[in-house]
Amino acid sequence: MTEDPFVAHRGLLFTVAYEMLGSAADAEDVLQESWLRWADVDRSQVRDPRSYLIRLVTRQALNRLRTVSRRREEYVGEWLPEPLLTSPDVADDAELAESVSIAMLTVLETLGPTERAVFVLREVFELPYGEIAEVIGKSAATVRQVARRAREHVAARRPRVRVSRSEQQAVVERFLLALRTGQLQELMEVMSPDVVLVTDGGGVVPAALAPIHGVELVAPILARAHELVAALDTTVVWLNGEPGGRIEFDGEPSAISVVVEDGRVTRIYVVRNPRKLTQLDEPTELVR
């Protein structure tokens, strides 16, 4: 029996939905809704199932994105994407790894729903402008203009340089060791002077309600972390296609992702909201 195209492309479709939404839970809901619609489609009329399914999932993701926008506006503190445990293989596709990184997903949150859909479909999944136009209900010429604006918007906010996975891992290991042992001087040396710390507790667990700027403020906060709990453990793990960290505060997990530039940490994203930490035990398949 030939495998159903939806099943065959499920990893791809999840990746599309996740990049659109930044939430594994919402992405799974979108896939469920898309599966129900796919079940009613006359397959004999579908020339390219992969392309058709990407468009179908994107439409559902757009609907979900508009639905959850109010929820995110009312979110307590900073909203960060849901981190995913991934295999190192994701990093073999540099474009994919960058597109699913916490840093990039955070940038995509600053785009409107239509701009985000156009950027993801064009820049990540390389769909033709005409097919994207079908998804968002605009002309191909308009899609080109939206794509240009979205690229410029993202380019102005994405990390300036890419680093190798070995450099990323070395800096992450150094950073996590300093965090675990509370070495203030080491923390100050491994972070850039203008480092930014963003924490997401969702109002469920303690977290800063706004970003904290500058190593003079960030380093002392992190150095005191090990004093506030009986046990603090750190582990280097692959998160969203790059080396990151899993931190256990008295057995309660958090996920940490960092941006590295010129051998130093420039941005730190810490997800503490337990509702966003359900994907850290088994690797998630991300493909394009």
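For the structure, check the block above.
Residues numbered from 1 in each chain as written. Predicted model: local features only at pLDDT ≥ 70, side-chain atom pairs only at ≥ 80, totals over all residues. Heavy atoms only, no water.

(A) Up close: the packing of helix α4 (residues 49-73) against helix α8 (residues 129-136). Contact geometry of α4 with α8 gives a least axis separation of 9 Å together with a crossing angle of 40°. Taken as axis vectors, α4 and α8 run oblique relative to one another. As for how α4 packs across α8, the hand of that crossing is right-handed. Mapping the contact onto sequence places Ser51, Arg55, Thr58, Arg59 and Leu62 in α4 and Glu131, Glu134, Val135 and Ile136 in α8. For the contact of α4 with α8, the per-class residue count stands at 3 nonpolar, 2 polar and 4 charged. (Axes fitted to C-alpha atoms, helices over the stretch in contact; angles between N-to-C directions. Helix = DSSP H or I, 4+ residues; strand = E, 2+ residues; numbered from the N terminus. Parallel < 35°, antiparallel > 145°, perpendicular 65-115°, else oblique. Left-handed = near helix turned anticlockwise from the far one by under 90°. Contact = heavy atoms within 4.5 Å. Nonpolar A, V, L, I, M, F, W, Y, C, P; charged D, E, K, R; others polar.)

(B) Highlighting the packing of aromatic side chains. Taken as a whole, this structure holds 3 aromatic pairs when the rule is applied. Above the ring of Phe249, the side-chain terminus of Arg272 is found at 4.9 Å from the ring centroid. The positively charged end of Lys276 is found above the aromatic ring belonging to Trp79, 4.1 Å away from the centroid. (Phe/Tyr/Trp six-rings, centres within 6.5 Å; stacked < 30°, edge-to-face > 60°. Lys NZ or Arg CZ within 6 Å of the ring centre and 35° of its normal.)

(C) Region of interest: the side chain of Arg64. For Arg64, the position within the fold is in helix α4. With a relative accessible area of 15%, Arg64 lands in the buried category. Of note is the side chain of Arg64, whose polar atom sits 3.1 Å from the side chain of Asp29. If we skip the residues at most four places from it in the chain, Arg64 touches Leu21, Asp26, Asp29, Val30 and Glu33. (Buried < 20%, exposed > 50% of the residue type's maximum accessible area, 1.4 Å probe, protein only. Polar contact = N/O pair within 3.5 Å; in protein donor to acceptor, adjacent residues only side chain to side chain.)

(D) View of empty space enclosed by the protein. Summed over the entire model, instances satisfying the criterion amount to 1 cavity of 30 Å³ or more. Estimated volume of the largest cavity: approximately 40 Å³. Looking at the lining of the largest cavity, the elements that each hand over two or more residues are β5 (252-261) and β6 (264-271). Looking at which element gives the most residues to the lining of the largest cavity, the answer is β5, with 3 residues. Split by residue class, the lining of the largest cavity holds 7 nonpolar, 1 polar and no charged. (1 Å grid on protein atoms, 1.4 Å probe; cavity = no way out; pocket = protein on both sides within 12 Å on 5 of 7 lines; lining within 4 Å. Points joined across faces, edges and corners; volume = space filled by probe spheres on them.)

(E) Quick peek at the layout of surface pockets. Looking at the largest pocket, its volume works out to about 690 Å³. For the lining of the largest pocket, the secondary structure elements donating two or more residues are α4, α6 (102-108), β1 (191-200), β5 and β6. Residues of the lining of the largest pocket, tallied by class, amount to 13 nonpolar, 5 polar and 12 charged. Roughly 580 Å³ of internal volume is contained in the second largest pocket. Around the second largest pocket, the lining comprises 24 residues; the ones closest to its centre are Pro206, Ala207, Ala225, Phe249 and Arg272. For the lining of the second largest pocket, the elements supplying multiple residues, two or more each, are β1, α12 (215-223), β4 (242-249) and β5.

(F) Just the environment of Val146, in detail. Examined against the element boundaries, Val146 turns out to sit in helix α9 (residues 140-155). Of the residues examined, Val146 reaches a relative accessible area of 4% and is grouped as buried. Sequence separation between Val146 and Gln169 is 23 residues, and the spatial gap between their C-alpha atoms is 36 Å. Look past the residues within four positions of Val146 in its chain and what remains in contact with it is Thr114, Glu115 and Val118.

(G) A look at α8. Those residues of α8 that sit buried are Tyr129, Ile132, Ala133, Val135 and Ile136. Down the axis, α8 shows its buried residues gathered within 160° of arc, on one side only. Those residues of α8 that are buried lie in contact with α4, α7 (113-124) and α9. Note on α8: the residue one or two positions beyond its end, Gly137, has a positive phi of about 70°. (Arc of directions from axis to C-beta.)

(H) Layout of the pairing of β5. Counting buried positions along β5 yields 8 of 10 residues, so the element is predominantly enclosed. Sheet topology note: the β4/β5 ladder contains 5 bridges and is antiparallel. Counted as the bridge partner of Phe249 is Glu252 from β5. Hairpin connection of β4 to β5: 2 residues between the antiparallel strands, including Asp250 at a positive phi of 50°. (Pairing = 2+ DSSP bridges.)

(I) Summary view of the sheet that holds β5. With mixed pairing, 6 strands are arranged side by side in an open sheet as β2-β1-β6-β5-β4-β3. A strand with exactly one partner marks an edge of an open sheet, and here the two such strands are β2 (212-213) and β3 (232-239). Packing of helix α10 (residues 165-181) onto the sheet brings it into contact with β1, β3, β4, β5 and β6, and relative to β3 it is tilted by some 165°. Packing of α12 onto the sheet brings it into contact with β1, β2 and β6, and relative to β1 it is tilted by some 55°.

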